[in-house]
Amino acid sequence: MFFFVLFAVVMGAAHYYIWKRAVRATTRPGRGRRVGTGVVVLLYLLVMSALAVSRLGGSFGAVVAWPGFIWLAGAFYFSLILGVLEIPRLVLNRATRAHGAPVAVGAPDAPVEAPGGALEEQPADPGRRLFIARSLAVAGGVATAGVVGFGTTQALGDPIIKRVPVTLGKLDPRLSGYRIAVVSDIHLGPLLGRGHTERIVRMINEQRVDLVAVVGDLVDGTVDELGEAAAPLRDLVSTHGSFFVTGNHEYYSGVEPWLAELERLGVNPLRNERLRIERAGASFDLAGVNDVTGEAFQDGPDFARALDGRDTSTPVVLMAHQPVQVREAAKHGVDLQLSGHTHGGQMFPFHLAVGLQQPVRSGLETVDGTQVYTSNGAGFWGPPVRVGAAPDITVVELRHKFAGR
């Protein structure tokens, strides 16, 4: 409820600003302004409705969610661009006042002498101000359409296949070249369904990997609503199988039914546990911990249960939804953590905010001596828009430290 109220306030402020700059400043009092005001109000209600019904399955939720979430991105970028245009607006309006049309002496708008002998600034020409406001509103609208249009093609297009080599000092040479497909944040829901899952499964299978790691946020809805959309996961093919850890959205969507459904589909949940992966007489540990959101459901991460008592002479690869979990993972000697959650920021400039909460926004970095790889995710949450953070599926290739030398 708090999130919904906060969202309503923020969106209300954004729509008021859009109305102020794109309606009030560009129209004179009358029918045109009333129509424009009505449109802005309807767009605000559309965004709020999209958020409210986004958890509903069926065609009704999708019919409202598609335009509502696209406009959510539009409202964000339109407000942002209009804010940037405040600078040229100020400059142009000052220039208009400085070079206004001549006024007859004695006319009401004629310059008058101020104390000290200076002339008061001549008022701006209303017609010029209206032209400037309309020009900037059109420019902002065109720029917004371009950014959102591009971002939509990125979000709805095929994820990028990334190939990331990761050197592990403890890795047995016989395991060098072991390939793990990492996919996160698929976000099946009112905007992404079975076709999205089928595409991801096809793309992973084409890579012919040894293991598949699904690191959380698979769904935004219940098994009853989205079970059919998730069904193609049963077709994932790899040498050592497919594994899953919870993300925060699983806890919002009914975590226990989903874990049972995934197990039925052959995607094995790792709930604060580990197993040994063996090839050619060599091995490493694969572990998984629950998402931190599970703490509110008495089902949080338990690193000790997942990692204590193992053979520390061999490496351990940990699946954990949020990169921030690497802080605790490092204390338990994890060699590599595979994560998602951030969406790579999804829409610029949210990239900047991610760093306030998470140590790694996207890609491979080392935190407290532990390597952590963060995927951008293969889906999206909210607006079907990605700007500066294309969706991805990553093939992580484990390498011995002397491989290739």
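Predicted model, so just to flag it, every value in this text is computed and none were measured.

Time to look at the packing of aromatic side chains. Within a pair of aromatic rings, the relevant descriptors are the distance that separates the centres and the angle that separates the planes. Inspection of the entire model under this criterion finds six aromatic pairs. Ring geometry for Tyr16 versus Trp19: centroids 5.8 Å apart, planes at 35°, classification tilted. Linking Tyr16 with Trp19, this pair stays in helix α1 (residues 2-22), spanning three residues, or about one helical turn. Given a relative accessible area of 48%, Tyr16 falls into the partly exposed group. Judged by relative accessible area, Trp19 falls into the buried class, the value being 18%. Here Tyr178 and Phe284 contribute two aromatic rings whose centre-to-centre distance is 5.2 Å and whose plane-to-plane angle is 75°, an arrangement assigned as edge-to-face. Taken together, the residues span a long stretch of sequence, with Tyr178 in strand β2 (residues 178-183) and Phe284 in strand β7 (residues 282-288) at a distance of 106 residues. Taking relative accessible area as the criterion, Tyr178 reaches 0% and is therefore assigned buried. You can call Phe284 buried: its relative accessible area is 0%.

With that settled, consider the environment of Glu228. Structurally, Glu228 can be placed in helix α7 (residues 223-230). For Glu228, a relative accessible area of 54% translates into the label exposed. A sequence separation of 80 residues divides Glu228 from Val148, and the C-alpha atoms of the two residues are 30 Å apart.

Attention now moves to the sheet that holds strand β12 (residues 392-400). With respect to topology, six strands assemble into an open sheet ordered β1-β12-β2-β3-β4-β5, the strand pairing being mixed. Among the strands making up the open sheet, the edge pair consists of β1 (160-168) and β5 (267-269). In this sheet, adjacent strand axes meet at a mean angle of 25° when their direction is disregarded. Summarising the sheet, β2 and β12 pair through five bridges and their orientation is antiparallel.

This brings us to the pattern of salt bridges. Across all of its chains, the model carries 16 salt bridges by this definition. The closest approach of N and O atoms between Glu86 and Arg89, which form a salt bridge, is 3.5 Å. A residue pair is termed a helical-turn pair when its members lie 3 or 4 positions apart in one helix, as Glu86 and Arg89 do in helix α4 (residues 86-98) at three residues. The shortest N-O distance in the salt bridge between Asp158 and Arg199 comes to 3.3 Å. Taken as a pair, Asp158 in the loop between α5 (126-156) and β1 and Arg199 in helix α6 (residues 194-206) lie far apart in primary sequence, 41 residues in all. The partly exposed category is assigned to Asp158, whose relative accessible area is 47%. Each of the salt bridges in this network shares a partner with another, and the network as a whole consists of Arg21, Glu86 and Arg89.

Turning our attention to the environment of Ile180. Along the chain, the position of Ile180 falls in strand β2. Taking the C-alpha atoms as reference, Ile180 lies 9.9 Å from Arg163; in sequence the two are 17 residues apart. Ignoring sequence-local partners within four residues, the contact set of Ile180 consists of Leu211, Ala213, Val317, Leu338, Thr394, Val395, Val396 and Leu398.

This brings us to the sheet that holds strand β6 (residues 273-279). Sheet strands pair via backbone hydrogen bonds, and the direction of the pair is either parallel or antiparallel. The strand order across the open sheet built from six strands is β6-β7-β8-β9-β11-β10, with neighbouring strands paired in mixed fashion. In this open sheet, the two edge strands, each paired with only one partner strand, are β6 and β10 (363-367). Pairs of neighbouring strands in the sheet enclose a mean axial angle of 25°, with direction left out of account.

Reported here for the largest pocket is a volume of approximately 1500 Å³. In terms of lining residues, the largest pocket is bounded by 46 residues, among which Phe3, Phe7, Trp381, Gly382 and Pro383 are the most central. Contributing elements (two or more residues each) for the lining of the largest pocket: α1, α2 (31-53), α3 (58-84), α8 (248-253) and α12 (351-354). When grouped by side-chain class, the residues that make up the lining of the largest pocket number 27 nonpolar, 16 polar and three charged. What the second largest pocket holds in volume is close to 250 Å³.

Residues Met1, Phe4, Val5 and Val9 make up a contiguous nonpolar surface patch of about 420 Å² in total accessible area. Locating Met1 in the fold gives a position in the segment before α1. The exposure class assigned to Met1 is exposed, which follows from its relative accessible area of 78%.

Looking at the protein chain as a whole, its pLDDT mean stands at 91, while 91% of the residues score no less than 70. Across residues 101-110 the pLDDT falls below 50, and counting only partners more than four positions away or on other chains, this stretch makes six contacts in the model.

Let us now look at the nonpolar core. Counting residues in hydrophobic clusters, the biggest one holds 30 residues, and the most contacted among them are Val183, Leu188, Ile204, Leu218 and Leu233. For Ile204, the residues in contact, after removing those within four places along its chain, are Ala181, Val183, Val209, Val212, Leu236 and Ile393. Counting residues in each nonpolar core, the second largest holds 25 residues, with Leu168, Leu171, Met319 and Leu338 among its members.

With that settled, consider the packing of α1 against α2. Interaxial distance between α1 and α2 falls to 10 Å at its minimum, and their mutual angle equals 155°. When the axes of α1 and α2 are compared, the pair comes out roughly antiparallel. The two elements α1 and α2 cross, and the hand of that crossing is right-handed. Taking contact as the criterion, the partners of Phe3, Phe4, Phe7, Ala8, Met11, Gly12, His15 and Trp19 in α1 are, on α2, Thr37, Val40, Leu43, Tyr44, Val47, Met48, Leu51 and Ala52. Grouping the amino acids of the contact of α1 with α2 by side-chain chemistry returns 13 nonpolar, three polar and no charged.

Parameters at a glance
- Residues numbered from 1 in each chain as written.
- Predicted model: local features only at pLDDT ≥ 70, side-chain atom pairs only at ≥ 80, totals over all residues.
- Heavy atoms only, no water.
- Phe/Tyr/Trp six-rings, centres within 6.5 Å; stacked < 30°, edge-to-face > 60°.
- Helix = DSSP H or I, 4+ residues; strand = E, 2+ residues; numbered from the N terminus.
- Buried < 20%, exposed > 50% of the residue type's maximum accessible area, 1.4 Å probe, protein only.
- Pairing = 2+ DSSP bridges.
- Axes fitted to C-alpha atoms, helices over the stretch in contact; angles between N-to-C directions.
- Salt bridge = Lys/Arg side-chain N within 4 Å of Asp/Glu carboxyl O.
- Contact = heavy atoms within 4.5 Å.
- 1 Å grid on protein atoms, 1.4 Å probe; cavity = no way out; pocket = protein on both sides within 12 Å on 5 of 7 lines; lining within 4 Å.
- Points joined across faces, edges and corners; volume = space filled by probe spheres on them.
- Nonpolar A, V, L, I, M, F, W, Y, C, P; charged D, E, K, R; others polar.
- Patch = residues over 30% accessible without salt bridge, like charges linked within 9 Å, V, L, I, M, F, W, Y side chains within 5 Å.
- Areas by Shrake-Rupley, 256 points an atom, 1.4 Å probe, with all protein chains shown as cover.
- pLDDT = per-residue confidence, 0-100.
- Core = buried A, V, L, I, M, F, W, Y, C linked by side-chain atoms within 4.5 Å.
- Parallel < 35°, antiparallel > 145°, perpendicular 65-115°, else oblique.
- Left-handed = near helix turned anticlockwise from the far one by under 90°.

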